[in-house]
Amino acid sequence: MTSFFVNGKPVQVDVDPATPLLWALRDSLEMTGTKFGCGMALCGACTVHLDGKAIRSCVAPLSRAEGKHVTTIEGLSANLTHPLQKAWIELDVPQCGYCQSGQIMSAAVLLAENPKPTDKDIDEAMGGNICRCGTYPRIRRAIHRAAQLAGEGRTR
Amino acid sequence: MSASAVVGRREFIRTGAAIGGGLLVSLHAPLAGRTSDALAAGEKDFALNAFVRIGTDESVTVISAHSEMGQGIYTSLPMLLNEELQADWMKIRVEAAPVDKVYNHPAFGMQITGGSTTSPAEWGRYRKMGAVARTMLVEAAARQWNVEASSCRVDEGVVIHGATGRRATYGSLASAAAQLTAPADVPLKPAKAFTLIGKPTRRLDTPSKTNGTAQFGLDVSVPGMLTAVVARPPVFGGKVAKFDANETLKVPGVKAVKEVPSGVAVIAERFWPAKIGRDKLTVDWDLGPNAALSTEQMLRDFTEMAKNPGTIAKKTGDPEAALKTAAKTITAEYDVPYLAHAMMEPLNCVVDLRADGCEIWTGTQFETVDRANAANAAGLPPEKVQIHTTLLGGGFGRRANPASDFVVEAVHVAKAAKAPVKVVWTREDDLKGGWYRPMWHDRFVAGLDASGNPVAWTHTIVGQSIMQGTLFEAYGIKDGVDSASVEGAADLLYGIPNLQVDLHTPKIGVPVQWWRSVGHSHTGFSVEAFLDEVAHAGGKDPYELRRTLLAKQPRMRAVLELAAQKANWGSKLPAGVGRGIATHFSFDSYVAQVVEASVEKNGAVRVHRVVCAVDCGTVINPDTVKAQMEGGIIFGLTAALKTEITLKDGRVQQDNFHDYQMLRIFESPEIEVHIVPSSENPTGVGEPGVPPVAPALANAIFAVTGKRIHRLPIRASDLAQEGAKS
């Protein structure tokens, strides 16, 4: 039994603790917002936060989450009010949308650590997230826009 | 738009009866089959025709006959319908259509999404269905008020009688309107009266794609469902000889291991035990006839074949004679590899098979075909099989499989599992699973006159047929030529008086399929790269030569000029940066692109900027056109710079995204898209952005290095300066 927190709520999962966190979230907790893309930490579709750090949940064993706080796309905001969600909607970033949970979760850590990222910062932080539809130019613009929205939020 | 495309009242009543039990249609598809944007229909939901329902809560549900795979059709189709319906846009929801002939593609006669055809094909029907529904709502109000329908108008979901000021909402009228006879013919708005078409409109599916609620096939769960992965043969056409499942069956959570026609299925409670179970499985394979296949050998074979002309696909003038008398001739050959679609959502399919019927949940582009193939595999009549189309985590053609490979296999696994089952493909399964863009070899000879203008052009193509042996053969293969093999070559827009395009179609045991832009993905590259060589050989500016040769093609010429102007063609660039240009006509759309790129000492290519101009007729949602061009360019750059599927000893050598690499954000150029205003009917948008970018990049690389690119993907080793480490 592995006990941890998902989006602030305590959860217990009774599967092999070597199971990747991704599959515990998807198959045991039925939280399907976190996506499977490669299973080798190569594409970033499965990105979640573990105690505030971005991790690839497809290669993180469930045991690593024991006692810790996991944030998934479902927990980013209750009602689409996170600056990244607002910016993503404003600029219509997604196409198929499958990779976007991971893109947004990677971007959320970037903005938390670096409220005014440059293009280079974005390239470095987002380089592990693949988008086959090619939404990269919009992702870049939306991260800058989210930084601006977050800044406005802080000064109000 | 033909009259047959318009669904009559009688026909949709039948459809309603088939799926909802009568005129009052309440499509309570299982929640799993819905997108989050199409939340459960209200208790009172009235179908005005097969394409729109109106609820007493004022909700407007547009039924999409086409799949949403990122191309924005879940927004564009409602825009078309609501241009005429004139409901409150904020009340619009979208729902995937069930499989029914009423939702057949107006041109193809089956329910499919592909060929960049949705907007062109539905341009008439969805507006017509909106107009029919509006007319019925107005008629219902007029009857209630005992006034002439012609004295009423509508405004954002409200019918208004001007003389008396009476108002009734669509929701309050829906029940009465649904009882009326649909008008046979309704006039449609002229373009100048459009209020929605042509206006940048936010996608309806974006919110659900930013909070994890968007439901893809892989997210579907049904009660009692098991999860399976399948061990498939390491060589195409291989078969199971025998297998040992002892170790697999020891994995906690594994329920069963069963042989199916495509391999051995490991069926478990969840994905992870299934995957671990498959890792522990021992299978002896009968490899079959393809165990010696080698792409290196194919490359040599194709090159040899191209030395002689193949089956004639197109002949104009007398190219042979013109080449003999030409002042100068040049020859070049180009190669492109097999490519996997590599959608971010790996293939998957949920099947609930019972004795009396079969329900399927999957992201597919091919409902009619999949239903027929699934019914065949299940031993049921097609009408007993229903497909719930989910959102597609990318399609690019892979989810339009003529054999319905991923659906049929899941039916067989469900049969073996004797329970509802979800079959999941891993990334490795996806990349090794075949159905690739074919490998192609293109050989050209051009003859130039004394002024350097091309007067003769021969193009020999070698590559597998996509349509051979499929139900599309009769439609797509004429006189031994698969139209998908020669598209973009045989319909060349450039005015070259003596032209021949011919085709060799080798039969090879690697399954091939349409891949975003299909044949244009090789002809766009080879034709435009070669034309650049022709321009250089004739001492012409590559832009000016194209302009001259497009004298009789005003739409392409305008696109070319716009791209060149926006890119400042001819202006000075920073040292080390080269500029290349290309055009391509595909899916009835005209696209030109200018690429700015540089090459580092080690041969690494950096793409700085892409300027794209497009004429796709009337634009429905301008932001979607831009997004599709951006996406097409990045998709095309991935093919130009990164990916190839190779085979050795019959085995695919690529495994995952470490050796089948996608372009990433730090490699992604600045992209500008310019749309040529047009009042022509809409043409394709999803694919036409792909073909021109590889040749424009190759031509930019030549401009800066003097080296020609003859093979994709572009290899740093071919471009590295002597002595530099690659």
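Residues numbered from 1 in each chain as written. Chains lettered and ligands numbered in written order. Predicted model: local features only at pLDDT ≥ 70, side-chain atom pairs only at ≥ 80, totals over all residues.

*Asks:* Sorry if this is basic, but what is going on with the sheet that holds strand β17 (residues 385-389) of chain B here?
*Replies:* All names here are of chain B. Here we have seven strands laid out as an open sheet, ordered β10-β11-β8-β18-β15-β16-β17, and mixed in their pairing. Unpaired on one side and paired on the other, β10 (254-260) and β17 mark the two borders of the sheet. Within this sheet the neighbouring strands show an average axis-to-axis angle of 25 degrees, counted without direction. Pairing geometry for strand β8 (residues 226-231) and strand β11 (residues 263-268), over five bridges, is antiparallel. Paired with T227 across the two strands is A268, which belongs to β11. In the packing of helix α10 (residues 367-378) onto the sheet, contacts are made with β15 (348-354), β16 (357-362) and β17, and the angle to β17 comes to roughly 140 degrees. (Pairing = 2+ DSSP bridges. Helix = DSSP H or I, 4+ residues; strand = E, 2+ residues; numbered from the N terminus. Axes fitted to C-alpha atoms, helices over the stretch in contact; angles between N-to-C directions. Contact = placed C-beta atoms within 7 Å.)

*Asks:* I'm lost on the sheet that holds strand β26 (residues 605-615) of chain B in this one. Help?
*Replies:* Strand pairing in a sheet relies on backbone hydrogen bonds. The paired strands run either parallel or antiparallel. Residues and elements named next belong to chain B. A sheet is described by the order of its strands in space; here four strands give the open sequence β24-β25-β26-β29, paired in mixed fashion. Two strands close off the open sheet at either side, each with one partner strand: β24 (577-586) and β29 (670-675). The sheet shows a mean angle of 15 degrees between the axes of neighbouring strands, taken without regard to direction.

*Asks:* Where do I start with helix α17 (residues 554-566) of chain B in this structure?
*Replies:* Since the α-helix advances by 3.6 residues per turn, residues separated by three or four positions end up pointing in the same direction. Residue and element names in this part refer to chain B. With 13 residues, α17 should cover 18 Å at 1.5 Å per step; its first-to-last C-alpha distance of 18 Å lies within 8% of that length. For α17, every residue scored as buried is listed here: M556, R557, V559, L560, A563 and A564. Projected down its long axis, α17 shows its buried positions confined to an angular sector of 160 degrees, all on one face. Elements in contact with the buried residues of α17: α16 (542-549), β24, β25 (589-599) and β26. Looking one or two residues past α17, N568 carries a phi angle of roughly 55 degrees, positive in sign. (Expected span 1.5 Å × (residues − 1). Buried ≥ 20, exposed ≤ 12 C-beta atoms within 10 Å, placed from the backbone. Arc of directions from axis to C-beta.)

*Asks:* Quick question: what am I supposed to make of the nonpolar core here?
*Replies:* The tendency in soluble globular proteins is for nonpolar side chains to be buried side by side. All names here are of chain B. In terms of nonpolar packing, the biggest core is built from 276 residues, with V52, A228, V411, V413, V421, C612 and L697 touching the most fellow members. Counting residues per element, this core draws most heavily on helix α4 (residues 125-145), at ten residues. Those residues in contact with L697 that sit more than four places away from it in its chain are G580, V595, A597, V607, L637 and A640. (Core = buried A, V, L, I, M, F, W, Y, C linked by C-beta atoms within 7 Å.)

*Asks:* For this particular structure, what's the right way to read the interface of chain A and chain B?
*Replies:* By a frequent convention, interface size equals the accessible area lost on bringing the separate parts together. The interface is formed by 47 residues belonging to chain A together with 48 residues belonging to chain B. By residue number, the principal contributor to the side of chain A that touches chain B is helix α5 (residues 136-155) of chain A, which donates four residues. Residue composition of the side of chain A that touches chain B, by class: 25 nonpolar, 14 polar and eight charged. (Nonpolar A, V, L, I, M, F, W, Y, C, P; charged D, E, K, R; others polar.)

Structural measurements only, silent on function.
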